[in-house]
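# A closer look at the structure
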Amino acid sequence: EAAILARRGVGVDNNPVAVELGRTLLEPVSVREFDRTATAIVDATLQEYGDLYETRCRSCNTATALRSVGYEAAEPKEVRYRCGACGSRGAAPPSEHDLVRMGRQPEFAYTAPDEDIYFGWEMQKLRRAGVTRWSELFTHRNLAVASFLIGRINETKNNAVRHWLRITFTSALAQFTKMIADFSGRAGGPSWKLNCYWMPDKWQELNPVHYFANRIKKTCSALRELSALPCKWGADSRVELGDSRDLNLESDSVDYIFTDPPYGGEGIQYGELSMLWGLWLGHAHRLDSEIAFNPYRSFDQTHYERGLSAVFGEAARVLKPGKWMTVAFANKDPDVWDA
């Protein structure tokens, strides 16, 4: 917003995923260059793994790409597709043709990032399900495709295009996992709907290439919007990875501050919930310096209160006398408001 208004803006965030997103937004790229590079990556992925997601249309018997597979626990129940030849939509029990493809164990062209899951507040459903590694959130074929996509993306030579591709990848990453509940189309499309990691009993395995291609279209639309704005991108605005209790700014130097702190007693843990994206983007976790209320990390209400007090004190230091700070905040608990 500062860049759009031709003002000098400094963004500060403790979360490296948020910092990469902010920096990417400040460096729009050509829609043509982004789309050309993204399409080439999709084509290469289809060349390598497209056969894994092939089904046959039940109307015309033509080979076509599936959209998703509906599961109950570990058992595939239904294959969904839209036929590229006759245009019909299909949903049918998986055939032997489908089961063979689901059972394949494709080799990985790139190493998939993986590590033990950190069991914070938002991971307790995974703990109860016996899931201990991030790789267990994916089917084998979807993990192979996801690693191929991010591998090719990270090899992109144009820095700005690569950053936009990485952010586009994160926007689709949750759809590659087993966390997509199967509500039979009654809940606004397949997405990560809960503010926690989970393994629903009824879930969908989505075709990652199809859903990544959809996200490419949305990114192209966003880039067109940004290109139409009358501003000089990247000239005076920047985003820094840092702690708002210790700002790299001179005293009495800032005209306006906008901040949206964590919401205290509620269980929405932004650091934990972005750990999946951080893992795939190669970012180290910074949870220890997060200001939050989290009994699973021994962050009590006093920790939260002291952290915000330090942030607001630092904001007062850098803000010019008589200038303003906006704090976006919502909570139903009076104790959190008191803090």
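Right above here is the structure, for reference.
Let us look at the structure shown here. As the structure is a computational prediction, the values presented were derived from the model and not from experiment.

## Considerations on the overall build of the chain
Counting its regular elements, the chain contains 11 helices and 9 strands. For the chain, the C-alpha radius of gyration of 23 Å lies close to 20 Å, the compact-globule estimate for 339 residues. On the principal axes, the C-alpha backbone points of the chain span a range of 75 × 45 × 35 Å. Taken across its 339 residues, the chain has 44% of its residues classed as buried. For the chain, long-range pairs separated by at least 24 residues make up 70% of all intrachain contacts whose partners lie at least 6 apart in sequence.

## Focus: the nonpolar core
Core analysis: the largest hydrophobic core is formed by 60 residues, its most contacted members being Phe169, Tyr197 and Trp280. Of all the secondary structure elements, the ones that give two or more residues to this core are α2 (31–49), β3 (63–72), α5 (140–154), α6 (159–173), α7 (208–227) and α9 (275–281). In terms of residues, this core owes the most to one element, α5, which gives 8 residues. When near neighbours in sequence (up to four residues on either side) are disregarded, Phe169 contacts Ala146, Leu149, Ile150, Ile153, Phe176, Phe212 and Trp280. Residues Val254, Ile257, Ala315 and Val318 belong to the second largest nonpolar core, which totals 6 residues.

## Topic: the packing of aromatic side chains
Evaluated as defined, the whole model comprises 12 aromatic pairs. For the pair Tyr49 and Phe148, a centre-to-centre distance of 5.6 Å together with 80° between the ring planes defines the contact as edge-to-face. One end of the pair, Tyr49, is in helix α2; the other, Phe148, is in helix α5, and 99 residues separate them in sequence. Grouping residues by exposure puts Tyr49 and Phe148 together as buried.

## Quick word on the state of the cysteines
With the rule as written, the count across this model stands at 0 disulfides. Considering cysteine sulfurs only, Cys83 is the nearest to Cys60, which forms no disulfide, with 3.6 Å between them. Assessed through its relative accessible area of 31%, Cys60 is described here as partly exposed.

## Topic: empty space enclosed by the protein
Applying the stated criterion to the full structure yields 1 cavity of 30 Å³ or more. When its volume is computed, the largest cavity comes out at roughly 40 Å³. Contributing to the lining of the largest cavity are Pro262, Tyr263, Gly264, Glu266, Ile268, Gln269, Ala292 and Phe293. Among the residues making up the lining of the largest cavity, the classes are represented as 5 nonpolar, 2 polar and 1 charged.

## Here we look at a nonpolar patch on the surface
On the surface, Tyr256, Phe258 and Trp324 cluster together into a nonpolar patch covering about 430 Å² of accessible area. On the secondary structure map, Tyr256 appears in strand β8 (residues 254–259).

## Examining helix α3 (residues 96–103)
Among the residues of α3, those classed as buried are Asp98, Arg101 and Met102. One face of α3 carries all of its buried residues, which in axial projection span an arc of 100°.

## Quick look at helix α1 (residues 16–25)
For α1, the complete set of buried residues consists of Pro16, Val17, Val19, Glu20, Gly22 and Thr24. For α1, the secondary structure elements touched by its buried residues are β1 (10–13), α6, β7 (238–241) and α9. Where α1 starts, the residue carrying a side-chain oxygen 2.9 Å from the main-chain nitrogen of Val17 turns out to be Asn15.

Conventions and cut-offs
Residues numbered from 1 in each chain as written. Predicted model: local features only at pLDDT ≥ 70, side-chain atom pairs only at ≥ 80, totals over all residues. Heavy atoms only, no water. Helix = DSSP H or I, 4+ residues; strand = E, 2+ residues; numbered from the N terminus. Rg over C-alpha atoms; globule rule 2.2 N^0.38 Å. Buried < 20%, exposed > 50% of the residue type's maximum accessible area, 1.4 Å probe, protein only. Contact = heavy atoms within 4.5 Å. Core = buried A, V, L, I, M, F, W, Y, C linked by side-chain atoms within 4.5 Å. Phe/Tyr/Trp six-rings, centres within 6.5 Å; stacked < 30°, edge-to-face > 60°. Disulfide = S-S within 2.5 Å. 1 Å grid on protein atoms, 1.4 Å probe; cavity = no way out; pocket = protein on both sides within 12 Å on 5 of 7 lines; lining within 4 Å. Points joined across faces, edges and corners; volume = space filled by probe spheres on them. Nonpolar A, V, L, I, M, F, W, Y, C, P; charged D, E, K, R; others polar. Patch = residues over 30% accessible without salt bridge, like charges linked within 9 Å, V, L, I, M, F, W, Y side chains within 5 Å. Areas by Shrake-Rupley, 256 points an atom, 1.4 Å probe, with all protein chains shown as cover. Salt bridge = Lys/Arg side-chain N within 4 Å of Asp/Glu carboxyl O. Arc of directions from axis to C-beta. Polar contact = N/O pair within 3.5 Å; in protein donor to acceptor, adjacent residues only side chain to side chain.

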